[in-house]
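# Report on the structure
Take a look at the letters that make up each chain.
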Amino acid sequence: MASKTPEVNPQQEQFGEVKWHNLSIDECMALQTTKADGLDPQEAANRLRTFGTNELTPPPKPGFLMKLWYQINNILIYILIAATILSAILEEWKEVALIC
């Protein structure tokens, strides 16, 4: 089967405006610098040197205050705080001590 190279405006290809989902497999392969059986080892080594490994950087770990906020930010905690404040206003010190 003879594959014809699709007509793509060079400006479109430069800015990534090629509609890859509309192209056939042969058309996609003609536009890329790869083969159906993958990259040869030399090209893979070049891309590894140029672009690095294909890994995502892990998200930053939350700090102490953010972890504390995640623990406190809960409706049950808010209810307990309100019950403590109400018990303190009513001078029910045993209740305040039990809730805390």
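Residues numbered from 1 in each chain as written. Predicted model: local features only at pLDDT ≥ 70, side-chain atom pairs only at ≥ 80, totals over all residues. Heavy atoms only, no water.

## What to know about the overall build of the protein chain
- Each helix and strand counted, the protein chain has six helices and zero strands in total.
- Residues classed as buried in the protein chain amount to 8% of the 100 residues present.
- Residue pairs at least 24 apart in sequence account for 9% of intrachain contacts in the protein chain once pairs closer than 6 positions are excluded.
- Accessible surface, the protein chain as shown: approximately 9,400 Å² in total, 60% of it carbon and sulfur. (Helix = DSSP H or I, 4+ residues; strand = E, 2+ residues; numbered from the N terminus. Buried < 20%, exposed > 50% of the residue type's maximum accessible area, 1.4 Å probe, protein only. Contact = heavy atoms within 4.5 Å. Areas by Shrake-Rupley, 256 points an atom, 1.4 Å probe, with all protein chains shown as cover.)

## Let's talk about helix H5 (residues 75-89)
- Between its first and last C-alpha, H5 extends 21 Å over 15 residues, near the 21 Å set by a 1.5 Å rise per residue.
- Residue asparagine 74 occupies the N-cap position of H5, its side-chain oxygen lying 3.1 Å from the main-chain nitrogen of leucine 76.
- Directly beyond the C-terminal end of H5, a positive phi value near 55 degrees is found at glutamate 91. (Expected span 1.5 Å × (residues − 1). Polar contact = N/O pair within 3.5 Å; in protein donor to acceptor, adjacent residues only side chain to side chain.)

## Looking at the environment of arginine 47
- Along the chain, arginine 47 turns up in helix H3 (residues 41-51).
- Judged by relative accessible area, arginine 47 falls into the partly exposed class, the value being 29%.
- A distance of 2.9 Å separates a polar atom in the side chain of arginine 47 from a polar atom in the side chain of glutamate 43.

## Topic: the confidence of the model for the protein chain
- Summarising the model, the protein chain shows a mean pLDDT of 82, and 84% of its residues fall at 70 or more.
- For the protein chain, helix H1 (residues 10-14) is the element with the lowest average pLDDT, namely 50, and helix H4 (residues 64-72) is the one with the highest, namely 93. (pLDDT = per-residue confidence, 0-100.)

## Some details on the pattern of salt bridges
- Taken as a whole and assessed by the stated rule, the structure comprises one salt bridge.
- As a salt-bridge pair, arginine 47 and glutamate 43 come within 2.9 Å of each other at their nearest N and O atoms. On the criterion of helical spacing, the pair formed by arginine 47 and glutamate 43 is a turn pair, its members being four residues apart in helix H3. (Salt bridge = Lys/Arg side-chain N within 4 Å of Asp/Glu carboxyl O.)

## Comments concerning unusual backbone geometry
- Look at glutamate 91: it is not a glycine, yet its phi comes out positive at around 55 degrees.
- When you line up the elements, glutamate 91 lands in the loop between H5 and helix H6 (93-99).

## A few points about the side chain of threonine 84
- Here threonine 84 shows up in helix H5.
- For threonine 84, a relative accessible area of 16% corresponds to the buried category.
- Each residue touching threonine 84, except ones within four places of it in the same chain, is listed here: Val96, Ile99 and Cys100.

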